[in-house]
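Observations on chain architecture
Single-letter residue listing:
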Protein chains: 4
Amino acid sequence: MSGVFNGKTTGTPISLIVHNKDYISKDYDNIKDIYRPSHADFTYDKKYGFRDYRGGGRASARETVARVCAGAIAKKILTDFGINILAYTSSVGNIKVKNIDLSYINENPLKIPCKDTFKKATALLDNLIKENNSIGGTAYCEITGLKAGIGEPVFEKLDAMLSMAIMSIGATKGIEFGLGFLASEKKGSEYNDNFYSKNGKVLKKTNNSGGILGGISDGSKITINIAFKPTPSISLPQHTINTSLENKEIMIKGRHDPFIVPRAIPIIESMVAITLIDYILVNITKKIDCVKKAYLNF
Amino acid sequence: MSGVFNGKTTGTPISLIVHNKDYISKDYDNIKDIYRPSHADFTYDKKYGFRDYRGGGRASARETVARVCAGAIAKKILTDFGINILAYTSSVGNIKVKNIDLSYINENPLKIPCKDTFKKATALLDNLIKENNSIGGTAYCEITGLKAGIGEPVFEKLDAMLSMAIMSIGATKGIEFGLGFLASEKKGSEYNDNFYSKNGKVLKKTNNSGGILGGISDGSKITINIAFKPTPSISLPQHTINTSLENKEIMIKGRHDPFIVPRAIPIIESMVAITLIDYILVNITKKIDCVKKAYLNF
Amino acid sequence: MSGVFNGKTTGTPISLIVHNKDYISKDYDNIKDIYRPSHADFTYDKKYGFRDYRGGGRASARETVARVCAGAIAKKILTDFGINILAYTSSVGNIKVKNIDLSYINENPLKIPCKDTFKKATALLDNLIKENNSIGGTAYCEITGLKAGIGEPVFEKLDAMLSMAIMSIGATKGIEFGLGFLASEKKGSEYNDNFYSKNGKVLKKTNNSGGILGGISDGSKITINIAFKPTPSISLPQHTINTSLENKEIMIKGRHDPFIVPRAIPIIESMVAITLIDYILVNITKKIDCVKKAYLNF
Amino acid sequence: MSGVFNGKTTGTPISLIVHNKDYISKDYDNIKDIYRPSHADFTYDKKYGFRDYRGGGRASARETVARVCAGAIAKKILTDFGINILAYTSSVGNIKVKNIDLSYINENPLKIPCKDTFKKATALLDNLIKENNSIGGTAYCEITGLKAGIGEPVFEKLDAMLSMAIMSIGATKGIEFGLGFLASEKKGSEYNDNFYSKNGKVLKKTNNSGGILGGISDGSKITINIAFKPTPSISLPQHTINTSLENKEIMIKGRHDPFIVPRAIPIIESMVAITLIDYILVNITKKIDCVKKAYLNF
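Analysis parameters
- Residues numbered from 1 in each chain as written.
- Chains lettered and ligands numbered in written order.
- Predicted model: local features only at pLDDT ≥ 70, side-chain atom pairs only at ≥ 80, totals over all residues.
- Heavy atoms only, no water.
- Contact = heavy atoms within 4.5 Å.
- Buried area = accessible area lost by both parts, 1.4 Å probe.
- Salt bridge = Lys/Arg side-chain N within 4 Å of Asp/Glu carboxyl O.
- Polar contact = N/O pair within 3.5 Å; in protein donor to acceptor, adjacent residues only side chain to side chain.
- Helix = DSSP H or I, 4+ residues; strand = E, 2+ residues; numbered from the N terminus.
- Nonpolar A, V, L, I, M, F, W, Y, C, P; charged D, E, K, R; others polar.
- Pairing = 2+ DSSP bridges.
- Buried < 20%, exposed > 50% of the residue type's maximum accessible area, 1.4 Å probe, protein only.
- Phe/Tyr/Trp six-rings, centres within 6.5 Å; stacked < 30°, edge-to-face > 60°.
- Lys NZ or Arg CZ within 6 Å of the ring centre and 35° of its normal.
- Core = buried A, V, L, I, M, F, W, Y, C linked by side-chain atoms within 4.5 Å.
- Least-squares fit on C-alpha atoms with pLDDT ≥ 70 in both.
- Axes fitted to C-alpha atoms, helices over the stretch in contact; angles between N-to-C directions.
- Parallel < 35°, antiparallel > 145°, perpendicular 65-115°, else oblique.
- Left-handed = near helix turned anticlockwise from the far one by under 90°.

So, on to the interface of chain D and chain B. Each side of the interface is counted separately: chain D has 21 residues, and chain B has 21 residues. When the two sides are added together, the surface that chain D and chain B hide from each other amounts to roughly 1,600 Å², 69% of it contributed by carbon and sulfur. Three residues, D:F5, D:F50 and D:R58, lead the burial of chain D against chain B; their summed loss comes to 38% of the area buried on that side. Between the two partners, chain D and chain B, sit 0 salt bridges. At the boundary of chain D and chain B, one finds 4 residue pairs in polar contact (both at pLDDT 80 or more). Those elements giving two or more residues to the side of chain D that touches chain B turn out to be β2 (8-9) and α1 (41-48) of chain D. Within the side of chain D that touches chain B, the residues separate by chemical class into 8 nonpolar, 6 polar and 7 charged.

Below, the structure is given as structure tokens:
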């Protein structure tokens, strides 16, 4: 709606509107006075003293469309800079991806990079739908082509800000970089990534750190794992309370995805892209001779 | 140095200085031109084009003294508000704490809440010191007494900001809330925390979500696990490069902790405390009638 | 479009759209390649290397509709808190308002609080329209009912932030508080506002400081004068350059207000209102016992 | 104390301490319970409910030493970039500087660029000291060498942020750019700065706008006038109240400057310098091809 003229950005904020057409208020009448388990109904009521119980509230995943719009622009810029971001579904319940075939990610609706795993996962999800249940899963994300030196040294470490960005996506329950939790079981001699140089390039024999040292990118691949809880909306009977604090049983109606990770994949990529753009803008202000040259040639 | 007068804060920033007396520049001369593996030497050089190789730089854990100073003040306020933060070492390598005895945390230098585990861990660490090696581990942190309604709904979710705060501590490699990565293997019917009410109180049958729903505290205990990599400074020979990109072997001298989690415990508590204070200040501005009352009675 | 449900705000951002219907792109074709004198055409080109020359750009006063929308909400809240903001046109060229009749402000299109001055100003403006010219003027703004204690002590003094807010309105060239520039000619014995108390109230014999001491409100009326330059768009021939840096003559066509201060009146009130709301939200976090009470009763 | 190593900044915050040695607490005992007229004693008490009445509080001009420290570094950078900031005393009471001799500014303690005016002002100040009184004045500040294109288009216009920065200095009562308040009396045909070009350079026939168009620098000289109130501390008897709201008479003891503008000159220059540095850092992120080049060559 604004910010672009003759095919170029003008410096004015770029604004887009996505109208929420797939939204029927009366579908939500039955949850008006009741708190769905593991949903944000209760906490929103506590925070604001008032809740918009209809489907367009900010606790809905519909909120993430704005993240993906911004991410699409950020990714265009990053690609032009030689930086690529790739995410995929790495597990469905306890079915984990083994043999990675990146070309398969966009060939299946679950965004799994492996045909066999996709088939197993599909069978599992078919059963879950039949039993009105849902399942958790994990996603993997990698950043390639990012130069060394990106990230701030103290509170705004690259892994800290990526954690904030990704953990702000609904249903996330954990995040790790490089070896992650497995690093906690390693000895220094096993874990440390030894440097070596070849043809004037700085390389590492391993990448257990996942591409970040001291909160700053080291030029190697940045690797991230993210845990997602199961979809909270299930059609099995559950115990809960209503807004008068009476104990109730609830059965959530309507069609709900039994597995949300595939929908989170573009959101993860978008949040990473937005975060990296911010870092790059900050980073070019870090060396005074770089600033001087940029100012004089602006 | 400022901000306190007659035993009360004045509104002026509270400033303290901790002089870095335990610091001998020449100890660092041997690492002046060489990049220690899994240290930030290389990335700082790439970021700033210049590195203060002496022991007082910001990639040193000495930086965290400021966090603990601020955290001490934040914790005093939170305690007065009925909010408590407790962290401890929950594993050393693959030795995990089993039987929790909170009273034992401050009885041992490893901050482990279990005498047996402490003994096993001590034996492991004694061996590691002998072999000039180090080990990773995990910490656990819980917040009790926090009212429901704290946290922001979109980008600044409570788990997002706690992730940023904690992942900004050096050597962290992962963080999870509630069941965390285990949640990714659960069905909705297993994972969902069912509400019930008793004597006018809102309670949950389980706390798999770790006290946060939709990025906002739900009034139950907030539970966090954090992974730490092994201390990168080990005295075994390692491969690396120098600033001229020549391949070198390095043996890091001096006394280094083989295990850093105990030192991170007060830092975790401090970062959580600082984050919660910020949220509380923001939160009291969220209901207009609360703002009006506060303004008129200020 | 969002943020309000059942007549109440929900905590979600309140969004409105004002479509720019009164906008004909081809009217602007003649200024596509030329820099209008005292307009932002040249500086925008220098800043962004690219300019949207059509009438909807951000250098247009159309931008201020967003400020007035936000200000309308802010003023509703402030009125409920007992705080009132009033602005009017205080001079047109060198015709200055003498006898103030506040009830007349909304009775005339120039927002002048004086019938005689309005008549004189109208005669002046009629002549200016005939000669295709324009004129500058001043506005006055006062805040009544604001409690003492609002404002921050160092960089974000109340007068500093009000200056920023008001000087961000296009065409402003100066701002002053209380006696303003006249204060520079006074002796301390003439200028100082002496305190006295009556019936338990703190009062001042004069209000030369305009209600702000040390950057913080003192409970008396806050008084502000603002200078506006003449409308830059005039239909007289002017010298200028085009984007190829060739010297050119320009005659700006179309209907343009010869005097912009009346249109700035609601914008000034809005910017003041937005600024005060921010201060009040910040201020209720300044005393720890006030924070504690607000948190516990939230 | 930090941030500099081997004569270069390291990226770590540069910290300095200026110990407040010229400070005798008991000198302030007599104002412990009384509010000095036109001082911030009363408003601080209202804001914080508590006041550090000794001479080191933040309402003291001692606070500005930090601004001058930061400004000294900012000015070094700006000078290297070809940008110069110059401020001087332009009036003492109603004695205004006429014939400007910039070389004289640092030859006299009043920072006046005119020997005659300095003599007249000195005579005036000598009399004021005898009568225990003080006087207001104005300062002028100009920025030369700043490229066109610096400043943000909406809320953070260059004049808006400079206003905030300068109006945050204690004792300021007004600020204006270019013709300032005089612009309010001008016709468009008199005020508008006509562009012309010569030898490929963009020039203006006049500079009534003071170098800023639409909130963005136009490459010509930026000119600012600032009004200061008289020193509030005078030794004449004044009416005031004490903290128990009793009416009292006060005579402020001790040596106080009868005229504060000369002390404000380096503070003005510093605040302008700090503000410009921020703008330049922001500005180099405004064109994507400039960002790309800076990132790739970082």
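Alright, that's what it looks like, and here's the rest.
Facing 97 residues of chain B, the contacting portion of chain A comprises 97 residues. Carbon and sulfur atoms supply 61% of the area that chain B and chain A bury against each other, a total of about 7,700 Å² over both sides. When the area that chain B buries against chain A is broken down by residue, the three leading residues are B:K47, B:K173 and B:F195, summing to 11%. At the boundary of chain B and chain A, one finds 6 salt bridges. Put simply, A:E185 and B:K96 hold a salt bridge, and the shortest N to O gap is 3.3 Å. Viewed at the interface, chain A and chain B are joined by 43 residue pairs in polar contact (both at pLDDT 80 or more). Of the residues that constitute the side of chain B that touches chain A, the class distribution is 37 nonpolar, 37 polar and 23 charged. As defined by bridge partners, strand β6 (residues 172-177) of chain A adjoins strand β6 (residues 172-177) of chain B across 3 bridges and the pair is classed as antiparallel. Paired with A:I175 across the two strands is B:I175, which belongs to β6(B).

This part is about the pairing of strand β11 (residues 222-228) of chain C. Residue and element names in this part refer to chain C. Most of β11 is tucked away, with 6 of its 7 residues classed as buried. For strand β5 (residues 137-144) and β11, the ladder comprises 7 bridges, and the chain directions are antiparallel. Looking at β11, one finds that G137 is bridged to F228. Across 5 bridges, strand β6 (residues 172-177) lies against β11 in antiparallel orientation. Across the sheet, T172 pairs through a bridge with F228, a residue of β11.

Turning our attention to the packing of aromatic side chains. As enumerated under the stated definition, the model contains 38 aromatic pairs over all chains in all. In textbook terms, an aromatic cluster arises when at least three aromatic residues are bridged by ring pairs, as seen for A:F5, C:F50 and C:Y53. A cation sits over an aromatic face here: A:K147 above D:Y295, 5.6 Å from the ring centre. Lying over the aromatic face of C:F298, B:K287 brings its terminal NZ or CZ to 4.1 Å of the ring centre.

Another point: the sheet that holds strand β4 (residues 95-96) of chain B. The strands making up a sheet associate through backbone hydrogen bonding, with each pair oriented either parallel or antiparallel. Reading across the sheet, the 10 strands line up as β4(A)-β3(A)-β5(A)-β11(A)-β6(A)-β6(B)-β11(B)-β5(B)-β3(B)-β4(B) and stay open at both edges, with antiparallel pairing between neighbours. Strand pairing shows two members of the sheet lacking a second neighbour, β4 (95-96) of chain A together with β4 of chain B, which therefore form its edges.

The tendency in soluble globular proteins is for nonpolar side chains to be buried side by side. Counting residues in each nonpolar core, the largest one holds 229 residues, and the members touching the most others are A:I268, B:I268, C:I268 and D:I268. Not counting residues up to four positions away in its chain, the partners in contact with D:I268 are D:A87, D:A139, D:C141, D:I166, D:I169, D:I226 and D:F228.

Further remarks concern the relation of the copies chain B and chain A. In the superposition of chain B on chain A (RMSD 0.0 Å, axial shift 0.0 Å), the rotation amounts to 180°. Expressed as an axis order, the relation between the two copies is that of a two-fold axis. Across chain B, the rotation axis passes nearest the C-alpha of B:M164, at a separation of 2.5 Å. A share of 100% of the interface residues of chain B reappears at the interface of chain A, consistent with the copies meeting face to face through the same patch.

The next subject is the packing of helix α2 (residues 65-80) of chain A against helix α6 (residues 261-283) of chain A. Residue and element names in this part refer to chain A. Look at α2 against α6: their axes get within 8 Å of each other, and the N-to-C directions meet at 55°. Comparing the axis directions of α2 and α6 gives the class oblique. The chirality of how α2 crosses α6 is left-handed. Here R67, V68, A70, G71, A74, K75, I77 and L78 of α2 come into contact with α6, specifically with P266, I267, E269, S270, M271, A273, I274, L276, I277 and I280. Residue composition of the contact of α2 with α6, by class: 13 nonpolar, 2 polar and 3 charged.

Further remarks concern the pattern of salt bridges. Pairs can form between side chains of opposite charge once their charged atoms are near each other. Applying the stated criterion across every chain, the model contains 60 salt bridges over all chains. Between A:R36 and A:D41 there is a salt bridge whose closest N-O contact spans 2.8 Å. Classification of A:R36 by relative accessible area gives buried; the value is 13%. According to the relative accessible area criterion, A:D41 is buried, its value standing at 6%. D:R67 serves as the salt-bridge partner of D:E63, at 2.5 Å between the closest nitrogen and oxygen. Note on accessibility: D:E63 and D:R67 belong to one class, buried. Shared partners join several salt bridges into a network, and the residues in it are A:R36, A:D41, A:D45 and A:R51.

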